[in-house]
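An overview of the molecular structure
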Amino acid sequence: MTYLLPILGVLLSFVFVLVVRPKSKENFKLLLAFSGAFLLALTIFELFPSVYENSDAKTIGVFVLLGILLQIFLEFFSKGAEHGHVHLDKNKSNFPWLLFLSLSIHALLEGFPIEKHETIIYGILIHKIPIAIILSIFLVESKVKLVKAVFFILLFALMTPLGSLIAASFEFVNTYYAPLTALVIGVFLHISTVILFESSEGHKFNLRKIAVIVLGILIAYFL
């Protein structure tokens, strides 16, 4: 299930877009807000305590900040697709390699902590679904050929399980577990907070958004 869930989440999201053909990304803002709160809470409840145990606090802090900086760097190429924004030209038919590579690096890193923290898979899954839907809407509405879009989505779906497989197969991931996980924490912190503070018009919180954020935190707490 560790390997299957992220793949199914992305592929079924793509199938949903192909069948339903949703035109607006606005309808997914509440789902994005929920996913941001859920991922942030799981990161704090599950990942933070483990990286600070038996590790130098300042070193861990450095890697968390490096993770934040890495995600900011990746977003220069993905244009914010990791948190629900795709600002690429729909009229171009070229395969969006920069978008694919930046999303793939992000998704690969997501898979690393799953090996030791199985519950984080749910946070990653809930995060992936709205992102995959929004990304699929862009690909379907763009002039990218359908076969290229399917290729993009399929490879993207495989990246997180590949990260989990690397973590399970290579000893260096266990050796450097704390700094690598701290790096992923930085990535998660940046994405989840951007989602939370960017998914409302005028950056104002409304009652429905507060409700789904609280719900996301509560579910993460009781997992």
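Provided above is the structure to which this section pertains.
I will try to describe carefully the structure that is included in this document.

When you go through the protein chain residue by residue, the secondary structure sums to nine helices and zero strands. When the helices and strands of the protein chain are read in sequence order from the N terminus, they spell out α-α-α-α-α-α-α-α-α. Considering the protein chain as a whole, with its 223 residues, one finds that 50% of them fall into the buried category. In the structure as shown, the protein chain presents an accessible area of about 11,000 Å², 70% of it carried by carbon and sulfur atoms.

What follows is about the side chain of Thr43. Residue placement: Thr43 occurs in helix 2 (residues 29–52). A residue is classified by how much of its surface remains accessible, and Thr43, at 0% relative accessible area, is buried. Among the polar contacts listed, one links the side chain of Thr43 to the backbone oxygen of Leu39, at a separation of 2.7 Å. The residues touching Thr43, leaving out its near neighbours within four places in the chain, are Phe48, Ile120, Ile185 and Phe188.

Before going further, it helps to examine empty space enclosed by the protein. Enumeration according to the criterion identifies two cavities of 30 Å³ or more in this entry. Each pocket or cavity is described by its volume, and for the largest cavity that value is around 40 Å³. As for the largest cavity, its lining consists of Glu82, Leu103, His106, Glu110, His127, Lys128, Ile131 and Phe156. Every element with two or more residues in the lining of the largest cavity is listed here: helix 4 (97–110) and helix 5 (120–141). Its residues assigned to classes, the lining of the largest cavity shows three nonpolar, two polar and three charged. What lines the second largest cavity is Phe112, Glu115, Lys116, Ala167, Val173, Asn174 and Tyr177.

Our focus in this paragraph is the packing of helix 5 against helix 6 (residues 146–169). Closest axis-to-axis distance for the helix 5/helix 6 pair is 11 Å, and the angle between their directions is 165°. Classified by the angle between their axes, helix 5 and helix 6 sit roughly antiparallel to one another. The element helix 5 and its partner helix 6 pack so that their crossing is right-handed. Seen from helix 5, the contacting residues are Ile124, Lys128, Leu135, Ser136 and Leu139; seen from helix 6, they are Ala149, Phe152, Ile153, Phe156 and Thr160. Residues belonging to the contact of helix 5 with helix 6 are distributed by class as follows: seven nonpolar, two polar and one charged.

Let's shift gears to the environment of Phe48. Inspection of the secondary structure assignment puts Phe48 in helix 2. Taking C-alpha positions, Phe48 is 7.6 Å from Ile185, a pair spaced 137 residues apart along the chain. Leave out the neighbours within four places in its chain, and Phe48 touches Thr43, Ile185 and Leu189.

What follows concerns the nonpolar core. Counting 42 residues, the largest nonpolar core has Ile60, Val64, Leu109, Ile120, Ile185, Phe188 and Leu189 as its most contacted members. Only helix 2, helix 3 (57–78), helix 5, helix 6, helix 8 (177–198) and helix 9 (207–222) provide two or more residues apiece to this core. Leu189 has contacts with Leu40, Phe48 and Val64, leaving out every residue within four places of it along the chain.

Moving on to the pattern of salt bridges. Oppositely charged side chains may form a pair once their charged atoms are brought near each other. Going through the model one piece at a time under the given rule, you end up with one salt bridge. Here Glu110 and Lys128 are joined by a salt bridge, their closest N and O atoms 3.3 Å apart. Taken together, the residues span a long stretch of sequence, with Glu110 in helix 4 and Lys128 in helix 5 at a distance of 18 residues. Lys128 matches Glu110 in its accessibility class, with the two residues each being buried.

Each value, and the rule that gives it
- Think of each chain on its own: its residues are numbered from 1, step by step along the sequence as written.
- Given that the model is predicted, a residue must reach a pLDDT of at least 70 before its local features are reported, and side-chain atom pairs must reach 80 or more before they are shown or counted; all residues, however, enter totals for whole chains, interfaces and linings.
- Values reported for side chains reflect all heavy atoms of the structure, with hydrogen atoms and water molecules removed beforehand.
- Each helix is a run of DSSP H or I of at least 4 residues and each strand a run of E of at least 2, with the numbering of both proceeding from the N terminus.
- Per-residue accessibility, obtained with a 1.4 Å probe over protein chains only, is compared with the maximum for each type, and a residue is labelled buried under 20%, exposed over 50%, and partly exposed between these values.
- Accessibility throughout is a Shrake-Rupley quantity obtained with a 1.4 Å probe, and a residue counts as covered only by protein chains that appear here.
- Each polar contact in these results corresponds to two N or O atoms within 3.5 Å; when the atoms are within protein, one needs to be able to donate a hydrogen and the other to accept it, and residues that are neighboring in sequence are counted only if both atoms are side-chain atoms.
- In what follows, residue pairs with any heavy atoms lying within 4.5 Å of each other are defined as contacts.
- Buriedness for pockets is judged along seven lines, at least five of which must meet protein on both sides within 12 Å for an open set on the 1 Å grid over protein atoms alone, while cavities are sets there where a 1.4 Å probe fits but cannot get out, and lining residues have an atom within 4 Å of a point.
- Grid points are joined across faces, edges and corners, and a volume is the space filled by probe spheres set on the points.
- Residues are sorted three ways: Asp, Glu, Lys and Arg are charged, Ala, Val, Leu, Ile, Met, Phe, Trp, Tyr, Cys and Pro are nonpolar, and all the rest, Gly among them, are polar.
- Structural elements are reduced to axes, namely lines fitted to C-alpha atoms, with helices fitted over the stretch in contact, and the angle between N-to-C directions of any two is expressed from 0 to 180 degrees.
- Every angle not falling under 35 degrees, over 145, or within 65 to 115 is termed oblique; those three ranges are roughly parallel, roughly antiparallel and roughly perpendicular.
- Put simply, a crossing is left-handed when the front helix is turned counterclockwise from the back one by less than a right angle, and right-handed when it is turned clockwise.
- Working definition of a nonpolar core: buried Ala, Val, Leu, Ile, Met, Phe, Trp, Tyr and Cys residues. They are joined through side-chain atoms within 4.5 Å.
- In what follows, salt bridge is the name for a side-chain nitrogen of Lys or Arg lying within 4 Å of a carboxyl oxygen of Asp or Glu.

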